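One-letter residues, chain by chain:
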Amino acid sequence: MEHHAEVLTGGVWRPRVPDWRDLAAIVLVLAVVLLIGTGAHQMVAPFVPAHQPEISLSPAALPFYTLRTVMRMLAALVASLVFTFTYATLAAKSRRAETVLIPVLDVLQSVPILGYLSFTVVFFVSLFPGNMLGPELAAIFAVFTSQAWNMAFSLYQSLRTIPTDLDEASRSVRASAWQRFWRLEVPFAMPGLIWNMMMSMSGGWFFVVASEAISVGDFQIALPGVGSYVARAIQERDLAAVGWAIVAMTVAIILYDQLLFRPLVAWADKFRSEQTAAQTVPRSWVLQLFRRSTLAQRFNEPIGLALHRAARARLVLPDTLRQATRWSPPRGVVDFVWYGTLVAVTAYVVWELLRYAGSTLSWDDLGIAGSNGALTLLRVAILIVLASLIWVPIGVAVGLRPKLTEMIQPIAQFLAAFPANLLFPVAVFLIVRFDLAPKIWLSPLMILGTQWYILFNVIAGASTFPSDLREAAASLRVRPWRWWREVMLPGIFPYYVTGAITASGGAWNASIVSEIVSWGPTKLSGSGLGAYIAQMTEAGDYPRIALGVAVMSVLVIAANRLLWRPLYRYAERRTRLD
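Attention here is on the structure that accompanies the text. The structure presented is a predicted model; accordingly, all values stated were derived computationally and were not measured.

The rules behind each value
All residue numbers here refer to positions counted from 1 along the written sequence of the relevant chain. In keeping with the model being predicted, local features are shown solely for residues with a pLDDT of at least 70 and side-chain atom pairs are shown and tallied solely at 80 or more, while totals for entire chains, interfaces and linings include all residues. Hydrogens and water molecules were not included; the side-chain quantities draw on all heavy atoms of the structure. Here a helix means four or more residues in a row that DSSP labels H or I, a strand means two or more in a row labelled E, and each is numbered from the N terminus. Expected span, for any helix, means 1.5 Å times one less than how many residues it has. The quantity called bend is, for any residue, the angle between two axes fitted respectively to the seven residues ending at it and the seven beginning at it. Every residue pair with non-hydrogen atoms within 4.5 Å of one another is taken to be in contact. By definition, a salt bridge exists where a carboxyl oxygen of Asp or Glu is found within 4 Å of a side-chain nitrogen of Lys or Arg. Exposure categories follow from relative accessible area, calculated using a 1.4 Å probe and restricted to protein chains: below 20% of the type maximum is buried, above 50% is exposed, and the middle band is partly exposed. Stacked, tilted and edge-to-face are the three classes applied to pairs of Phe, Tyr and Trp rings, where Trp contributes its six-membered ring and a pair requires centres within 6.5 Å; stacked means planes under 30 degrees apart, edge-to-face means over 60, and tilted covers the rest. Between N-to-C directions, angles cover 0 to 180 degrees, with each direction set by a line fitted to C-alpha atoms, over the stretch in contact for helices. For classification purposes, angles smaller than 35 degrees are called roughly parallel, those larger than 145 roughly antiparallel, those between 65 and 115 roughly perpendicular, and all remaining angles oblique. The hand of a helix crossing depends on one turn: near helix anticlockwise from the far one by less than a right angle means left-handed, and clockwise means right-handed. Asp, Glu, Lys and Arg are counted as charged, while Ala, Val, Leu, Ile, Met, Phe, Trp, Tyr, Cys and Pro are counted as nonpolar; the rest, among them Gly, fall into the polar class. Surface patches are defined over residues having more than 30% relative accessible area and no salt bridge, joining like charges when they lie within 9 Å and nonpolar side chains (Val, Leu, Ile, Met, Phe, Trp, Tyr) when within 5 Å. Here the accessible surface of atoms and residues is derived via Shrake-Rupley with a 1.4 Å probe, and residues count as covered only by protein chains that are part of the display.

### What about helix α14 (residues 294–312)?
An ideal rise of 1.5 Å per residue puts 27 Å on 19 residues; α14 measures up with 26 Å between its terminal C-alpha atoms. At Asn300, α14 shows its maximal kink, close to 35 degrees; a proline, Pro302, follows between one and four residues later. Where α14 is buried, its residues meet α2 (20–42), α9 (177–206) and α13 (285–291).

Set out below in structure tokens:
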């Protein structure tokens, strides 16, 4: 267009020359690469458990600690993306795989972060003896367990609710499964997945103390990071250090929001499924900078071309292999063998667990864990209902207004990332000062970091809601109550179910750090399964840790099977945007 304009006006067309945008892009890229290189170098330093570096409460140490924490969370995010694209895709594409993978995902989501650390930290440390990489991998894996399940549920939900007309159109042009995946399914799922990536990143901050200040029985590791900084500040009752940690978190959240997630949200807006153009679109100064940078365009052009060709490639099975797979045994026989194998494996695992625990545990232990689990279940149910009533209307209002979304996005990320540990001083002081009941007033700490799963998913659903449907409802002058019941709530329902599932699973995980809190020598317990597992972990009682984790897994799976899965199926049948 610029060339044509120059010809029409009688001028001479000249190619763009590098300007300040190119310089800014180069500086930004070099700064990010330098920071990543510095953090990665520290992750492979020598490690001696008996001579660990002391965590300093000096504010000058916080920039380095923040870099280490962000590096771990980004590494966990990359691992979560790889897990999501393989695990969720297989679960959504294969009926038999779904019968196994989704219940397993329910179990993995229900296992608290301390449950993973109790059994994996020694493995990772022994995997790289004398090297910091072992403890680093243990911390990254702990953060991974707070990120991956939410993203997997998001992609699974999106792949199961692909509009029928789009799927039929891709099949009518004889697109291969590979082409449908990259040209239709991944773009359709991308807006929701990016919002869940933001939520997962914030969820990692919520559990950063447990992942960096690792304490399992007599085995203790304090990795340099914001989490271990906060843990020591709480131990020494240093309010000033807690304040500096909040400042460091705020700066880190703003930076990765502006440099990573805001550009992703603006880029993913082009994947909205609608027939009319949106009136307003999200913007990002970083994305605009790289789009207008001549050097960045020249560098990205071959990469983009290669990715484009890879997505359009017709990857199909060779003729010989395709002919070999044409014959398959009867479906009933395959199902019988498949489900029979699953039942046998499950029975063997249950038998081994009972045999292992039978020599140590009694029926009284099961009764104690069960009663604590019932108390935590009641708290989770009440908190999810309250969070839904509050955040669904707010999420719809924000998601329908892109400019408001840009303002709310970093605020919501900060609130979602705010670790409950930083509120322990306030909670302990108020409960002790006014002689309040810990069983009641410690409960709000459980939902502090998990209610945002509902908000982020509702925002994602509202922001991708087709503009033509909104315009049709407006032209028909649909009344507000009917607009909510027949237009907006069905449109966001699949996203809400995903957010509610991950919020409830996150609340169970948050009970570990919320049902028993401490501030210096003062320790309060609100009872419940989270407090039970935390106490057993501190004591290094592995049989009772396993019992608490098993009870929590059973309760979460039961809730998912009886409530959330039926709602998922309802969303697939009745609320698809076809």
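### Notes on the pattern of salt bridges
Applying the stated criterion across every chain yields a total of twelve salt bridges. The residue Asp167 makes a salt bridge to Arg171 at a minimum N-O spacing of 3.0 Å. On the criterion of helical spacing, the pair formed by Asp167 and Arg171 is a turn pair, its members being four residues apart in helix α8 (residues 164–172). With its nearest N and O atoms 2.8 Å apart, the salt bridge here joins Glu486 to Arg485. By relative accessible area, Arg485 is classed as partly exposed at 49%. It is possible to trace a salt-bridge network through shared partners that takes in Arg68, Arg72, Glu136 and Glu212.

### Overview of the packing of aromatic side chains
The description of an aromatic ring pair rests on the distance of the ring centres and on the angle between the ring planes. If you walk through the whole model with that rule in mind, you get 18 aromatic pairs. Ring geometry for Phe85 against Phe181: centres 6.5 Å apart, planes inclined by 85 degrees, an arrangement best described as edge-to-face. Taken together, the residues Phe85 in helix α3 (residues 62–93) and Phe181 in helix α9 connect sequence positions 96 residues apart. For Phe85, a relative accessible area of 23% translates into the label partly exposed. Taking the centre distance of 5.7 Å and the plane angle of 45 degrees together, the rings of Phe124 and Phe141 count as tilted. Placement of the pair is Phe124 in helix α5 (residues 113–127) and Phe141 in helix α6 (residues 133–145), with a sequence separation of 17 residues. Overall, the relative accessible area of 13% leaves Phe124 in the buried class. For Phe141, a relative accessible area of 25% translates into the label partly exposed. A connected cluster of aromatic rings, assembled from ring pairs, spans Phe83, Tyr87, Phe123, Phe124, Phe141, Phe144 and Trp149.

### Thoughts on the side chain of Asn560
Tracing the backbone shows Asn560 in helix α26 (residues 542–574). When near neighbours in sequence (up to four residues on either side) are disregarded, Asn560 contacts Asp106, Gln109, Ile501, Arg565 and Pro566.

### Quick look at the packing of helix α24 (residues 480–514) against helix α25 (residues 529–539)
A packed helix pair is summarised by two numbers, namely the angle formed by the two axes and the spacing between the axes. At a minimum axis distance of 7 Å, the contact between α24 and α25 shows a crossing angle of 55 degrees. Judged on the interaxial angle alone, α25 and α24 are oblique. Handedness of the α24/α25 crossing: right-handed. Mapping the contact onto sequence places Trp508, Ser511 and Ile512 in α24 and Leu529, Gly530, Ala531, Ile533 and Ala534 in α25. Among the residues making up the contact of α24 with α25, the classes are represented as six nonpolar, two polar and no charged.

### Observations concerning a nonpolar patch on the surface
Taken together, the side chains of Val32, Ile36, Trp244, Val247, Val251, Leu255, Leu259 and Trp285 make up a nonpolar region of the molecular surface, amounting to roughly 720 Å² of accessible area. Elements with a contribution of two residues or more to the nonpolar patch: α2 and α12 (239–268). Looking at the nonpolar patch element by element, the count peaks at five residues for α12. Here Val247 lies in helix α12.

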